[in-house]
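# Architecture and fold: a report
Below, each chain spelled out in residue letters.
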Amino acid sequence: MQKLFFDESGQTGTHLFDEAQPWFTLASTDICEAEAAEIIARCFPGRQGKELKSRSILKGGRGRRQFLDFAREVGRRPDSFCAVKIGKRFTLVCKMVDNLVEPLLRAQGYDFYSGDYARRFANSAHFVFTNLLARPVADGLLSTYNEFARDPDAAKLATLHAALVDARRDAPYGSGVTLDLMQEGARHFAVLNDLDSFEDSNEIHVTAVVECMGHWLQRHQGPFEVIHDESLHFFGQSARWEAITNPDVDAVTITVGAKTMNLPIPVTATVSAHSHDCPSIQLCDLVAGVLSRAAAAQPTPDFRIFVEQAVESGLGEVLVYPIDAGDEFISGPPARAEGPDAVDRIVEAVVRRSPSSS
């Protein structure tokens, strides 16, 4: 049984429209607790208390100098760490694309996920929201969608549709296709989706854990035990995680774009732990914390210099999966559907052997 440890930073739950914390970061390690305790003792001598937290370590010069010692330890064994950095603003755009545009095009006979079309459309939509729409208009749409997705009902859906109509009325050249599709998706949302079951759709924590598992599956055969710092957001929203780690699910390989997912993920246990009792989780907190603070909208000049030093010392060797906008865009409609799309096949694989389907 291979143990994996996780901790996060920048957690705002399903509230993704948060300009004060624009990034969510998650770090993981396979370093056992005894060895993690030795690393902490070497790199952070004279620390007070049982728990080492990045927010206190990164405040002053002494803590930052000690962190550089830790970064050198990381650089000597970067494969023992893996992290994910998710841009919340881009994620909101992706959610609007997935929940407003994709169902509309699927109903018209298109496979939105074929050829990585969904990712390229999300990149295009993000470009519209970032570079074409006036910032107050873009912020208003993202905030309105965020409120709808967190607590969906007919009234919030009507408000979202009205905001999209208003934005389209004065939209600059180049933004029409994106806003037209989102507006139509909102107008037909109740027909294309089950509004009653559409709740907390902004959850991103499980996505980050799955991204990390891709690294660990290449490094270890498994099975795995996942130990995560206590998190109401992960453990309170873990139905998807439980489904894709369910050993009763039929084995299946799903390809989405350039990525391949093998289900079920061989995790036999997922447990919470107090970070002050688990040195391995404290290592994860250090990595996630510095990544989150480095990605802040306006880090101070001295902190930027510190981050550059940490990267050069060894932190830059860690594999970090970024989930943010790219520069590959759409050029025409998606391919016509020829059977269930990738997401449908994942859902079918998950529910095929689940207790509720038997």
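I will try to describe carefully the structure that is included in this document. (Residues numbered from 1 in each chain as written. Predicted model: local features only at pLDDT ≥ 70, side-chain atom pairs only at ≥ 80, totals over all residues. Heavy atoms only, no water.)

Further remarks concern the overall build of the chain. Counting secondary structure elements, the chain contains 15 helices and 10 strands. Here the chain has a C-alpha radius of gyration of 22 Å; the compact-globule value for 358 residues is 21 Å, and the two agree. The buried share among the 358 residues of the chain stands at 49%. Summarising the internal contacts of the chain: among those between residues at least 6 apart in sequence, 80% fall at separations of at least 24. Element-wise, carbon and sulfur atoms account for 51% of the exposed surface of the chain, whose accessible area totals about 16,800 Å². Between the mean site of the 35 positive side-chain charges and the mean site of the 49 negative ones, the chain shows a separation of 5 Å. (Helix = DSSP H or I, 4+ residues; strand = E, 2+ residues; numbered from the N terminus. Rg over C-alpha atoms; globule rule 2.2 N^0.38 Å. Buried < 20%, exposed > 50% of the residue type's maximum accessible area, 1.4 Å probe, protein only. Contact = heavy atoms within 4.5 Å. Areas by Shrake-Rupley, 256 points an atom, 1.4 Å probe, with all protein chains shown as cover. Lys, Arg positive; Asp, Glu negative; His and termini not counted. Charge placed at Lys NZ, Arg CZ, Asp CG, Glu CD.)

A few words now on the nonpolar core. Core analysis: the biggest nonpolar cluster contains 63 residues, and Phe129, Met213 and Trp241 have the highest contact counts within it. Here this core gets eight residues from one element, more than from any other, and that element is helix H4 (residues 88-107). Excluding residues within four positions of it along the chain, tryptophan 241 makes contact with Val206, Val209, Val210, Met213, Val226, Phe234, Ile265, Val267 and Thr270. Core analysis: the second largest hydrophobic core is formed by 35 residues, Cys278, Ile281, Leu283 and Val290 among them. (Core = buried A, V, L, I, M, F, W, Y, C linked by side-chain atoms within 4.5 Å.)

Moving on, we come to the sheet that holds strand S2 (residues 23-29). Read across the sheet, six strands follow the order S8-S5-S1-S2-S3-S9 without closing on themselves; strand pairing throughout is mixed. Because the sheet does not close on itself, it has two edges, and the strands there are strand S8 (267-273) and strand S9 (319-323). Sheet twist, expressed as the average angle between the axes of neighbouring strands with direction ignored, equals 20°. Sheet topology note: the strand S1 (residues 2-9)/strand S5 (residues 224-229) ladder contains five bridges and is parallel. Bridging from a neighbouring strand, leucine 4 pairs with valine 226 of S5. (Pairing = 2+ DSSP bridges. Axes fitted to C-alpha atoms, helices over the stretch in contact; angles between N-to-C directions.)

With that settled, consider the packing of H4 against helix H6 (residues 135-150). Helix-helix packing: each pair is described by the crossing angle between the helix axes and the interaxial distance. Contact pair H4 / H6: the axes reach a minimum separation of 10 Å and the direction vectors enclose 65°. Note that H4 runs across H6; the crossing there is left-handed. In this structure, H4 contributes Arg89, Leu92, Val93, Lys95, Met96, Asn99 and Leu100 to the contact, and H6 contributes Arg135, Ala138, Asp139, Leu142, Tyr145 and Asn146. The class makeup of the residues in the contact of H4 with H6 is seven nonpolar, two polar and four charged. (Left-handed = near helix turned anticlockwise from the far one by under 90°. Nonpolar A, V, L, I, M, F, W, Y, C, P; charged D, E, K, R; others polar.)

Secondary-structure assignment places tyrosine 145 in helix H6. By relative accessible area, tyrosine 145 is classed as buried at 0%. In this structure the C-alpha to C-alpha distance between tyrosine 145 and aspartate 248, which are 103 residues apart in sequence, comes to 36 Å.

Here the focus is the packing of aromatic side chains. As enumerated under the stated definition, the model contains 15 aromatic pairs in all. Put simply, the rings of Phe44, Phe67, Phe70, Phe81, Phe303 and Phe306 pair up and form one aromatic cluster. A cation over a ring is seen here: lysine 85 above tryptophan 23, with NZ or CZ 4.8 Å from the ring centre. Positioned above the aromatic ring of tyrosine 110 is the side chain of arginine 336, whose terminal nitrogen or guanidinium carbon lies 4.2 Å from the ring centre. (Phe/Tyr/Trp six-rings, centres within 6.5 Å; stacked < 30°, edge-to-face > 60°. Lys NZ or Arg CZ within 6 Å of the ring centre and 35° of its normal.)

With that out of the way, let us pick up the pattern of salt bridges. Here the structure, examined in full by the defined rule, presents 17 salt bridges. Across the pair arginine 77 and glutamate 35 runs a salt bridge whose closest N-O atoms are separated by 2.2 Å. With arginine 77 in the loop between helix H3 (61-76) and strand S3 (81-87) and glutamate 35 in helix H1 (residues 33-43), the pair connects residues that are 42 residues apart, well separated along the chain. Glutamate 35 gets classed as partly exposed once you look at its relative accessible area, which sits at 29%. A salt bridge links aspartate 69 to arginine 72; the shortest N-O distance between them is 2.7 Å. In this pair, aspartate 69 and arginine 72 are both assigned in helix H3, three residues apart and thus about one turn of the helix distant. Judged by relative accessible area, aspartate 69 falls into the partly exposed class, the value being 35%. For arginine 72, a relative accessible area of 37% corresponds to the partly exposed category. Each of Arg42, Glu73 and Arg76 takes part in a single network of salt bridges with overlapping partners. (Salt bridge = Lys/Arg side-chain N within 4 Å of Asp/Glu carboxyl O.)

We now examine the packing of H6 against helix H7 (residues 154-169). For the pair H6 and H7, the least separation of the axes is 9 Å and the interaxial angle reads 165°. Relative to H7, the element H6 lies roughly antiparallel. Between H6 and H7 lies a crossing of left-handed hand. From H6, Val137, Leu141, Thr144, Tyr145, Glu147 and Phe148 reach across to H7, where they touch Lys156, Leu157, Thr159, Leu160, Ala163, Leu164 and Ala167. (Parallel < 35°, antiparallel > 145°, perpendicular 65-115°, else oblique.)

Take the state of the cysteines next. Applying the stated criterion to the full structure yields zero disulfides. Sulfur of cysteine 94: no disulfide; nearest cysteine sulfur belongs to cysteine 212 and is 18 Å away. No disulfide involves cysteine 212; its sulfur sits 3.9 Å from the nearest other cysteine sulfur, which is in cysteine 82. (Disulfide = S-S within 2.5 Å.)

We now examine the pairing of S5. Burial runs high along S5: six of the six residues are buried. Residues Phe224, Val226 and His228 line one face of S5 and the alternating positions Glu225, Ile227 and Asp229 line the opposite face, and both faces are buried. The pairing of S5 with S8 spans six bridges and is classified as parallel. Residue pairing in the sheet places aspartate 229 in a bridge with alanine 273 of S8.

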